[in-house]
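Residues per chain, in single letters:
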Amino acid sequence: MTKFFSLILLLAFWAIPSIAQLSIKGQVLSDDNSPVEYATVHIKETNIGSFTDENGNFEIVLPKGYKSSNGSLVVSAIGYDTKSLSLDFNAQNDAIAIPNITLKGMASTVDEVTVTASGVGMVKRSAYNSVVADTKELHNSTKSLGQALTSLPGVRIRESGGVGSESQIMLDGYSGQHVKVFIDGVPQEGAGAAMNLANLPVNYAERIEVYKGVVPVDFGADAIGGVVNVVTKKHVKNIALDASYSYGSFNTHKSHINLSHNLPSGLLYEINAFQNYSDNDYYIHNYVRTFTVNADGSVTKHPVDKNDIKRLKRFNDTYHNESIKAKIGLKDKAWADILLFSLAYSRFYKEIQTGVYQDIVFGQKHRHGYSWVPSVEYRKRNIFTDGLDISVNATYNHNITFNVDTAACYYNWLGQYYIKDNMGEQAYAHSRMSNRNWNITATANYRINAHHSLTANYIHSSFHRTTRSYIASSSTLSSPSIPKRNAKDIIGIAYKVVPSELWNATAFVKYYNQTCQGGVSENADGVGNYVKRTKSVNAVGYGLAYTYNILPSLQSKFSYELTYRLPTTDELFGDEDLEAGKTDLRPEKSNNLNLNINYHTQINKHALFFEGALIYRNTRDFIKRGIGRYGALQYGIFENHGHVITKGYNISARYKYDKWLNIGIAYNDANTRDYERFYTGQSSQKNVHYKDRLPNIPYRYANADASFTLHNLSQRDNRLVLSYDMMWQHSFPLYWESIGNKDTKNIVPSQCSHNVGLSYHILHGRYNFSVECSNITDAKLYDKFSLQRAGRAFYAKVRIHLHK
């Protein structure tokens, strides 16, 4: 079915004729060589003109025989200086092709306020409920890409510990696998631990785009929560070097180097490498299970007082990862705008300190692994016919993970242990897990004219896991003899109309197909006695995105989508260790609505930006993560949970005074509740937590940031920047609200953290020095089943950025 659908799409685009007409064609770029969307291009003193599309391209159709004595083309866009060009309108050709037009940004323009700006503004100006983090100002900080997202409205990062811990992005109440991550439009599902956003340095990206709820077909994503797209640096004109090193608390070392070179011949190459290391030996607060090892080797266990909370140091949580990626290719050729080959290698080592709860302690359990990732990228504008652009990316990812749990020891939080009768701290295991991932992404965009365009996107991904045990025992949560396979295809078609600067709209349809194979337990408790099962599903979704500029400074957005989210490989197959898979999970089906309004104004040196959004998600077969037990074994599980509705809103504001002061604040409220009236399969039994808030999910949180910059300090082009940011989170229930005594109910408490930083930039950012203090008040921070995060920490960073 999918192959036939793909062939029809290809033939449809091939069959579009090239219509000869008298026209002016070109592309408008910003001064950093990125496209400018919605720029106005018109012939001076006439009403003949057009607007640029998302790639900065425009086409003006001229009347036959048109002649002008004026010969001037005027190009303008909000946030840029207007530019005029002289053209020969008396040429005999059917089309007048002009060189790229470069617009210079206004000196006083603020990225956060500018509606039409390179990269950043293209996302803000779109009809989708989208926000963007321009990471360039954070390149001198020690933040990860994940931490850089926290300043955006509706975005929160959930972490289970320190460096290298499990982390998830939460968008408007949805997190984990509900939110898809892309790097330059390529999905990262199955990419391996080293490429987690919490491990990627902030210097890795130029900006981060976030689409909440309704997702453009360009990403081909089966996401209900939304999409995070990391856009890496692409606009190096010649040669550039970016290198940094940081050191901080808990023996944390981070370094990054990027070398890129574009030669006049069109040859380009790039080397990108980074590493993270931390002992993660920070203090937490918990009770201790004490015992005495007697002279005869027997063990006396003492009564546990869960109210006797002690300050304890983590001791088995070392993490490090290393990654290097090399690219080489050609650009600006007659047959390709870009042809790029890359090869990446990464490895990691992670000690496992706790289980799914903090009172479960391990002293020797760990995992390690590595991955190889070759890929090829091809892009060409105006291929086969004018106005038809294509891009293709193919990636193969082979990652191998070793799970090691062979110690016959029982540890407590004091680091003490005794020898057990059975092997393994959690479950005796020493296994090798091999994951092979193929991903092919193809996008075709056809500009019918300046106001109408069509986009088609196709994504195919396949996954194959094999597991081998080095000991007689194997994982309780999986059968190594049953291969795990998953294949999915997503096809999307979109039609976009841009009648004027005032409004634009996009309508789209998506087709989903998935086939998976793995082990399903035939036991009532869902553990053991696994048999091979194969399951296939398909579905069709659709949606609409619309934006209207009520005033030049007031924009409204509306988007709706009926979408499906296909279960991921982690949900289907687990991790063969702490997470159990469920091969027979059903896809989620959701109706998503977004309503957004934003306002911007600039008066002299004062700039203000305000944004507010309402969200609504009505989801069937919601895939929920919970905790399972099998004897003494506790593990993460995934299950379909009938009917869930999310209603929420977020508001944000940003103020900037000239180049000196920048202040932002955001508040978010996402109310996600259980709307399943009866227990699944038991229609007569009422659900006791009907309309309860879903447990273990933050639902109310806020963040703020501020920076003050002193320019030309000690000499010209030097800057001193003082920065501050904070995060506040309301308490949330660990379990269902209506079950148990409210006075003794387990909750994750309210919490607030404050971070400060000071950086000094020399010679326009060539040499940079910064110091930071995170969680300056040493507040107790918890997340994900009350796992405690690090307290106060100090970091210092040195960065060199050279380019010409």
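Residues numbered from 1 in each chain as written. Predicted model: local features only at pLDDT ≥ 70, side-chain atom pairs only at ≥ 80, totals over all residues. Heavy atoms only, no water.

J.: Help me understand the pairing of strand β26 (residues 388-405), please; the structure alone is not making it clear to me.
T.: The two faces of the sheet receive side chains in turn, since in a regular strand these alternate between them. Of all 18 residues that make up β26, 15 are buried, and the element is covered over most of its length. Sheet analysis places strand β25 (residues 366-380) next to β26, joined by 13 bridges and oriented antiparallel. Each bridged residue has a counterpart across the sheet, and for R379 the counterpart in β26 is S391. (Buried < 20%, exposed > 50% of the residue type's maximum accessible area, 1.4 Å probe, protein only. Helix = DSSP H or I, 4+ residues; strand = E, 2+ residues; numbered from the N terminus. Pairing = 2+ DSSP bridges.)

J.: Mind showing me how you'd approach the nonpolar core here?
T.: The tendency in soluble globular proteins is for nonpolar side chains to be buried side by side. In this structure, L145, L149 and I169 are the most contacted members of the largest nonpolar core, which totals 23 residues. At the level of secondary structure, the elements contributing two or more residues to this core comprise β9 (130-134), α3 (145-148), β10 (155-159), β11 (167-171), β12 (179-183), β14 (207-212) and β15 (226-231). Among all residues touching L149, those that are not within four sequence positions of it are V155, I157, I169, L197, I208, V210 and V228. Judged by nonpolar contacts, the second largest core, of 19 residues, contains A39, I48, L73 and Y80. (Core = buried A, V, L, I, M, F, W, Y, C linked by side-chain atoms within 4.5 Å. Contact = heavy atoms within 4.5 Å.)

J.: How do you make sense of unusual backbone geometry when you look at a structure like this?
T.: Peptide bonds are mostly trans, and most non-glycine residues show a negative phi. Of note in the backbone geometry, N696 takes a positive phi value of approximately 60 degrees without being a glycine. Mapped onto the fold, N696 is located in the loop between β40 (682-686) and β41 (700-711). A relative accessible area of 11% places N696 in the buried class. A positive phi angle, near 60 degrees, is found at H764, a position not held by glycine. If you trace the backbone, H764 turns up in the loop between β45 (751-762) and β46 (767-774). On the basis of relative accessible area, H764 is assigned to the exposed category, the value being 69%.

J.: What am I meant to see in the sheet that holds strand β3 (residues 49-51) here?
T.: The strands that make up a sheet are held in pairs by hydrogen bonds between backbone atoms, and each pair lies either parallel or antiparallel. Read across the sheet, four strands follow the order β3-β2-β5-β6 without closing on themselves; strand pairing throughout is antiparallel. Unpaired on one side and paired on the other, β3 and β6 (83-86) mark the two borders of the sheet. Strand-to-strand twist of the sheet, defined as the mean angle between neighbouring strand axes without regard to direction, takes the value 15 degrees. In this structure, strand β2 (residues 40-43) lies alongside strand β5 (residues 72-76), joined through four bridges in antiparallel fashion. Each residue of the ladder has a partner; that of V41, found in β5, is V75. (Axes fitted to C-alpha atoms, helices over the stretch in contact; angles between N-to-C directions.)

J.: Whenever I open this one, the sheet that holds β15 confuses me. Can you help?
T.: Here five strands make up an open sheet; going across it, the order is β9-β14-β15-β12-β13 and the pairing mixed. Either end of the sheet is taken by a strand with one partner, and the two such strands are β9 and β13 (186-187). Relative to β14, β9 runs antiparallel, the two being bridged by five bridges. Residue pairing in the sheet places V131 in a bridge with V210 of β14.

J.: Sorry if this is basic, but what is going on with the packing of aromatic side chains here?
T.: Aromatic rings in a pair are described by how distant their centres are and how their planes are angled relative to each other. Counted by the stated rule, this structure contains 19 aromatic pairs. Both rings, one in Y411 and one in Y417, keep their centres 5.0 Å apart while their planes meet at 35 degrees; by these two values the pair is tilted. Taken together, the ring pairs connect Y128, F182, Y211 and F219 into an aromatic cluster. When the ring centre of Y699 is taken as reference, the NZ or CZ atom of R693 above it lies at 3.7 Å. (Phe/Tyr/Trp six-rings, centres within 6.5 Å; stacked < 30°, edge-to-face > 60°. Lys NZ or Arg CZ within 6 Å of the ring centre and 35° of its normal.)

J.: What exactly am I supposed to notice about the pairing of β11 here?
T.: The buried count for β11 comes to five of five residues, which makes it a mostly enclosed element. Side chains of β11 alternate between two faces, with S167, I169 and L171 and Q168 and M170 buried alike. Relative to β11, β10 runs antiparallel, the two being bridged by five bridges. Residue pairing across strands places E159 opposite S167, the latter belonging to β11.

J.: Would you take a moment to explain the environment of Y649 for this structure?
T.: With respect to the element layout, Y649 can be found in strand β37 (residues 633-657). For Y649, a relative accessible area of 36% corresponds to the partly exposed category. Taking C-alpha positions, Y649 is 8.2 Å from G154, a pair spaced 495 residues apart along the chain. Here Y649 is in contact with A613, L614, I615, Y667, N668 and D669, once residues within four sequence places are set aside.

J.: What is the right way to look at the confidence of the model for the protein in this model?
T.: Reading predicted coordinates in detail is not appropriate for stretches of low pLDDT. When pLDDT is averaged across the protein, the result is 83; 85% of the residues are at 70 or more. The element-level mean pLDDT for the protein is lowest in helix α1 (residues 2-14), coming to 44, with β46 highest at 95. Contacts of residues 1-5 to residues separated by more than four positions or lying in other chains number eight contacts, the stretch itself having pLDDT below 50. Across residues 107-121, confidence stays below pLDDT 50; counting only partners more than four residues off in sequence or on other chains, it has 46 contacts. (pLDDT = per-residue confidence, 0-100.)

J.: How should I be thinking about the environment of S770 in this particular structure?
T.: Relative to the helices and strands, S770 is located in strand β46. When the C-alpha positions of S770 and Y760 are compared, they lie 6.3 Å apart, and in sequence the two are 10 residues distant.

J.: When you look at a positive patch on the surface in this model, what are you seeing that I'm missing?
T.: A cluster of basic residues, K647, R677, K686 and K691, forms a positive patch at the surface. Inspection of the secondary structure assignment puts R677 in the loop between β38 (661-674) and β39 (678-679). (Patch = residues over 30% accessible without salt bridge, like charges linked within 9 Å, V, L, I, M, F, W, Y side chains within 5 Å. Areas by Shrake-Rupley, 256 points an atom, 1.4 Å probe, with all protein chains shown as cover. Salt bridge = Lys/Arg side-chain N within 4 Å of Asp/Glu carboxyl O. Lys, Arg positive; Asp, Glu negative; His and termini not counted. Charge placed at Lys NZ, Arg CZ, Asp CG, Glu CD.)

J.: In this structure, what is going on with the pattern of salt bridges? I would like to understand it.
T.: When the charged atoms of two side chains lie near each other, side chains of opposite charge can form a pair. One pass over the structure, following the stated rule, counts 22 salt bridges. Taking the shortest distance from any N to any O, the salt bridge between K25 and D386 comes out at 2.8 Å. Taken together, the residues K25 in strand β1 (residues 23-30) and D386 in the loop between β25 and β26 connect sequence positions 361 residues apart. In this structure, the salt-bridge partner of E159 is R789, at a minimum N-O distance of 3.6 Å. Placement of E159 in strand β10 and of R789 in the loop between β48 (787-788) and β49 (793-803) is noted, with a sequence separation of 630 residues between them. With respect to class, E159 is no different from R789; both count as buried. Shared partners join several salt bridges into a network, and the residues in it are E206, R207 and E209.

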